[in-house]
Amino acid sequence: MRALRRLIVTAALTTLAVVAAAVPVIAAEGLDDYLREAEEAEYGGRRIVVTVWDGESRAEVFTVIHTGDTMTVNGGESRVGYGKLDGALGGGVVIPEWSSSVLSDRYAMDQPEAVRRLGRDAVRLVVREGDVKRATIVLDAETSAPLATEVYDGAGDLFRYSTMLDFDANPAPYLAGAETDEEYEVMLPSAASSLPANASGYRRADTYSGPNDSVHAFYTDGLFYFSIFELPEGTRLGGLDDAVVVEVDGNEYRRLVAPDGIWVYWEAKTAYLLVGDLPPDHLEQVLEELPQPKGKGNFISRLWRGIFG
Amino acid sequence: MADLTPAPCDIGELMSAYLDGELQPGELDHVVEHLGECTDCILEFRQLKEARATVRTLPRLEVPERLLPSFHFGPELSAYLDGELPTEEQTLVFGHLQACDECRDELHELDAARTAIRSLPGLEPPVLLDVHREPHRARWQGRRGRVVAVAAGAVAAAVIAVGVAGNSAPEPTIDLDSFTNQHVARASVEAGFTVIPAVGPVGLEP
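Reading the values: the criteria
- Residues numbered from 1 in each chain as written.
- Chains lettered and ligands numbered in written order.
- Predicted model: local features only at pLDDT ≥ 70, side-chain atom pairs only at ≥ 80, totals over all residues.
- Helix = DSSP H or I, 4+ residues; strand = E, 2+ residues; numbered from the N terminus.
- Buried ≥ 20, exposed ≤ 12 C-beta atoms within 10 Å, placed from the backbone.
- Contact = placed C-beta atoms within 7 Å.
- Pairing = 2+ DSSP bridges.
- Axes fitted to C-alpha atoms, helices over the stretch in contact; angles between N-to-C directions.
- Core = buried A, V, L, I, M, F, W, Y, C linked by C-beta atoms within 7 Å.
- Domains from an automatic or database assignment.
- pLDDT = per-residue confidence, 0-100.

J.: Can you break down the overall build of chain A residue by residue, with the values?
T.: A count of helical and extended segments in chain A gives 4 helices and 22 strands. Of all 309 residues assigned to chain A, the portion counted as buried reaches 43%. Taking as baseline every contact in chain A between residues at least 6 positions apart, the subset at least 24 positions apart corresponds to 48%.

J.: Before we move on, could you go through the sheet that holds strand E19 (residues 244-248) of chain A and cite the residues and values that matter?
T.: All names here are of chain A. The antiparallel open sheet is built from 8 strands, whose spatial order is E14-E15-E16-E17-E22-E21-E20-E19. Each edge of the sheet is formed by a strand with only one pairing partner; in this case those strands are strand E14 (198-199) and E19. Pairing analysis gives 6 bridges linking strand E21 (residues 261-267) to strand E22 (residues 271-276), with the strands arranged antiparallel. Across the sheet, residue Trp263 finds its bridge partner in E22, namely Val275. Strands in contact with helix H3 (residues 280-288) are E14, strand E15 (202-209), E19, strand E20 (251-258) and E21; relative to E19, the strand with the most contacts, it is inclined by about 70°.

J.: Quick rundown of the nonpolar core? Include the residues and the values.
T.: A:Leu139, A:Leu147, A:Tyr219, A:Trp263 and A:Leu273 are the most contacted members of the largest nonpolar core, which has 80 residues in total. Composition of this core by domain shows at least three residues from each of domain 1 (26-174) and domain 2 (188-308) of chain A. Ignoring any residue separated from it by four or fewer positions in sequence, one finds A:Tyr219 in contact with A:Ala199, A:Tyr202, A:Arg203, A:Arg204, A:Ala205, A:Tyr225, A:Phe226 and A:Ile228. If you look at the next biggest cluster of nonpolar residues, it comprises 5 residues, including B:Ile11, B:Leu14, B:Met15 and B:Phe45.

J.: Outline the confidence of the model for chain A, supporting the account with residue identities and numerical values.
T.: Confidence in the prediction for chain A averages 83 pLDDT; 82% of positions are at 70 or higher. Below pLDDT 50 for its whole length, residues 7-23 of chain A participates in 1 contact with residues either more than four positions away or in separate chains.

J.: Which residues make up the environment of A:Ile262, and what are the values?
T.: Structurally, A:Ile262 is set in strand E21. Discounting chain neighbours no more than four positions away, the residues touching A:Ile262 are A:Arg255, A:Leu256, A:Val257, A:Gly276 and A:Leu283.

J.: How would you sum up the pairing of E20(A)? Please name residues and give values.
T.: Residues and elements named next belong to chain A. In this structure, E19 lies alongside E20, joined through 5 bridges in antiparallel fashion. Counted as the bridge partner of Val245 is Arg254 from E20. Pairing analysis gives 5 bridges linking E20 to E21, with the strands arranged antiparallel. Looking at the pairing, Arg255 lines up with Val264 of E21. Adjacent in sequence and paired antiparallel, E20 and E21 are bridged by 2 residues.

J.: Break down the confidence of the model for chain B for me, citing the residues and quoting the values.
T.: Here chain B shows a mean pLDDT of 61. Residues at 70 or above account for 45%. Between residues 122-167 of chain B, whose pLDDT stays under 50, and residues either more than four places distant or in other chains, the model counts 31 contacts.

This is how it looks when you write it as structure tokens:
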């Protein structure tokens, strides 16, 4: 019996070891917990980000160092975190006040799954929005770093993919040459915005004064986010020469896509610029709830909808 | 009348300890006494003893760490896919993959990711924001002759325009980066999995 007891004890210990391996190390319960842990992760490495939008792809490899809440990209070309950005070439920006965001209840998370990635223990999170799989996030179990992410559009098609190409839980080797010394432009909160408080599930969290007397409204649903700048009349925006013209709900917009974000410009009563990382179907829904572009075609389509619904 | 009911077989857990020499004096007497009268326990005792002897005669194997169940290949899997491993290591990884579901799954994921990236349509180099500068220059060079040709007319028109418009200020041109920087700064305080918070335009500056 003693032998049997030993066997049972051994089996129990083995079971515990297996269970311990299956349970993620990350101390998180809900999706928002996991996202917060990811935000505070410490790691370094190279990451490829690929975006496919309307059949066209954009890709870029970034060297990233994530220490606490700060991310340094490409050895100091830009450093972002805690409300400020050091752009080695684009200047420094700091925002002194912000309101905390809340994860939208339209998202639900499947039971986290223990997986391995890059030879490391990891946790795979599948985020759903209704019946649609919206995102898959693989977090490193030790550091909570996002090792790989997939974001899907409303049809369930992958539109943005990222994965670490190499990874180090110790960011020190990547820190060399990452120091920058910037002067900061402080963006002050503003109460003036003619934009809606909510747009297709996104909440207008904060409003600031923006460049060239523009008004900056920041929207978030806790998972994705974007900014809309209301530009003063007569503002000419540089950098949009190669934006493609796209049509949403009969209205025309100018759009630029990068691996890590999107820019949309349109003119209504005033001009607007949207910057963000939201999925294509969310973008369309958001644009439909914002001031509509002016133009003959738009007027006719509005008239048509007004008469015939 | 003598009690013919055999003593209860309560020495099972003691037999292993007996073979290990771990019994207390009272326990030893009890085991010896019981083994003298219980054929079932004698049989079990012999089987246990034989099993132990067999185990002792087995050769002691030095198992390479890589063959232990707890070991998993990481970076080697990528090199394995690329065929960059030395022959010996290639064989070792192949052998490990036959027995390790986790490494096999990871290899499949890695392979699928590579296939997905390769199959993307028209993968373009990340020159998005350069694009708006280079065409600027190209267009400017292409139009230089035309610009010179119409320069005189433009000057004349400007003179007329100044006369008509009086003190009207030129329209300001604001670069996209200014807005992107502000968005990125605000976005940086958001919790989330955003892998690179729309720093493309900044990062792509020459």
